[in-house]
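The primary structure of each chain is shown beneath.
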Amino acid sequence: MFNSKIVMVGLLVTTSLFAQSAEELIDQNGCLSCHAIASKKAAPAFAGIGMRNKRFEGSAAKEVIMSSIHNGSQGKYRRFSDTAMPAYPNLTQEQLSTIADYILAQSSKARGHGGGGMGQGRGMGMGGGMR
């Protein structure tokens, strides 16, 4: 008779051996061809994506990012409105979750991460508010 604890430990070790890191997934899927961590390329930086989704999507931020990766998207970022994010339907929910967590964690690397817009984070727009 075998010990069920040994089987469970074996399953956990096997699962962790096959789990991929976010960096591996990002590399394997060519994400850095268009995106960078904290600077713009042909697409928004991961830091900006994380910050924007936390700000505007709140608790749904992770699901929104996962959906954008899985289904593709276009027009979410004004400066990149002509750029289409291709769909990655081949990624599993676990892989999508890993990548989304990584992107959200990069939000602290965004320039001026206090606001999410292009201004000073005071909500007064380009005119500087009323004086």
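Along each chain, numbering runs from 1 in the same order as the chain's sequence is written. A pLDDT threshold of at least 70 governs which residues receive local features in this predicted model, and a stricter bar of 80 or more applies before side-chain atom pairs are shown or counted, although totals over entire chains, interfaces and linings include all residues. Excluded from the side-chain calculations are hydrogens and water; all other atoms, namely the structure's heavy atoms, are used.

Engineer: Help me understand helix H5 (residues 93-105), please; the structure alone is not making it clear to me.
Structural biologist: Helical geometry note: an α-helix holds 3.6 residues per turn, so side chains three or four residues apart project in the same direction. Strands are runs of DSSP state E lasting at least 2 residues, helices are runs of H or I lasting at least 4, and numbering of each runs from the N terminus. By definition here, a helix of n residues has an expected span of 1.5 Å times n minus one. Relative to the 18 Å expected for 13 residues at 1.5 Å per residue, H5 spans 18 Å between its end C-alpha atoms, a close match to the ideal helical length. Buried within H5 are the following residues: Gln-95, Leu-96, Ser-97, Ile-99, Ala-100, Tyr-102, Ile-103 and Leu-104. Any pair of residues with heavy atoms lying within 4.5 Å of one another is described as a contacting pair. Considering only its buried residues, H5 is in contact with helix H2 (22-28), helix H3 (46-57) and helix H4 (61-71). The cut-offs for exposure are 20% and 50% of the maximum accessible area for each residue type, with area from a 1.4 Å probe on protein chains only; residues under the lower value are buried, those over the upper are exposed, and the others partly exposed.

Engineer: I keep staring at the side chain of Ser-107 and nothing clicks. Help me out?
Structural biologist: Here Ser-107 is to be found in the segment after H5. Polar side-chain contacts of Ser-107 include one of 2.9 Å to the side chain of Lys-54. A polar side-chain atom of Ser-107 sits 3.0 Å from the main-chain carbonyl oxygen of Leu-104. Each polar contact in these results corresponds to two N or O atoms within 3.5 Å; when the atoms are within protein, one needs to be able to donate a hydrogen and the other to accept it, and residues that are neighboring in sequence are counted only if both atoms are side-chain atoms.

Engineer: What exactly am I supposed to notice about the packing of H3 against H5 here?
Structural biologist: A packed helix pair is summarised by two numbers, namely the angle formed by the two axes and the spacing between the axes. Throughout, an axis means a line fitted to C-alpha atoms (over the contacting stretch in the case of helices), and angles, computed between N-to-C directions, take values from 0 to 180 degrees. Packing of H3 against H5 leaves a shortest axis separation of 7 Å and a crossing angle of 90°. With respect to each other, H3 and H5 are oriented roughly perpendicular. From H3, Phe-46, Ile-49, Gly-50 and Lys-54 reach across to H5, where they touch Tyr-102, Ile-103 and Leu-104. Basically, the charged four are Asp, Glu, Lys and Arg, the nonpolar ten are Ala, Val, Leu, Ile, Met, Phe, Trp, Tyr, Cys and Pro, and anything else, Gly included, counts as polar. Partitioning the contact of H3 with H5 into residue classes produces 5 nonpolar, 1 polar and 1 charged. We call two directions roughly parallel when the angle between them is under 35 degrees, roughly antiparallel when it is over 145, roughly perpendicular when it lies between 65 and 115, and oblique otherwise.

Engineer: I tried to follow the packing of aromatic side chains on my own but got confused; where do I start?
Structural biologist: Each aromatic ring pair is summarised here by two numbers: the centre-to-centre distance and the angle between the ring planes. For Phe, Tyr and Trp, rings pair up if their centres lie within 6.5 Å, where Trp contributes its six-membered ring, and each pair is then called stacked (planes under 30 degrees apart), edge-to-face (over 60) or tilted (otherwise). The full count for this structure, using the stated rule, is 1 aromatic pair. Positioned above the aromatic ring of Tyr-77, the side-chain terminus of Arg-52 is 4.8 Å from the ring centre. By definition, being over a ring means that NZ of Lys or CZ of Arg is both within 6 Å of the ring centre and within 35 degrees of the ring normal.

Engineer: Help me understand H3 in this model?
Structural biologist: Taking 1.5 Å per residue as the helical rise, H3 with its 12 residues ought to reach 16 Å, and the 15 Å between its terminal C-alpha atoms agrees with that figure. Of the positions making up H3, those classed as buried are Phe-46, Ala-47, Ile-49, Gly-50, Met-51 and Asn-53. Buried-residue contacts for H3 involve H2, H4 and H5.

Engineer: Would you mind showing me how to read the nonpolar core here?
Structural biologist: Grouped burial of nonpolar side chains is what soluble globular proteins tend to show. Definition of nonpolar core: a set of buried residues of the types Ala, Val, Leu, Ile, Met, Phe, Trp, Tyr and Cys, connected through side-chain atoms within 4.5 Å. Counting residues in each nonpolar core, the largest one holds 20 residues, and the members touching the most others are Phe-46, Ile-65, Ile-69, Ile-99 and Ile-103. Of all the secondary-structure elements, those providing two or more residues to this core are H2, H3, H4 and H5. Broken down by element, this core gets its largest block of residues, 6 residues, from H5. The contact partners of Ile-99, leaving out residues within four places of it in the chain, are Leu-25, Ile-26, Ile-69 and Leu-91.

Engineer: Hey, could you run me through the environment of Cys-34 in this one?
Structural biologist: Along the chain, Cys-34 turns up in the loop between H2 and H3. Under the relative-accessibility criterion, Cys-34 is labelled partly exposed at 35%. Sequence-wise, Cys-34 and Met-85 are 51 residues apart; in three dimensions their C-alpha atoms are separated by 9.2 Å. With residues near it in sequence (within four places) discarded, Cys-34 still touches Lys-41, Ala-42 and Ala-43.

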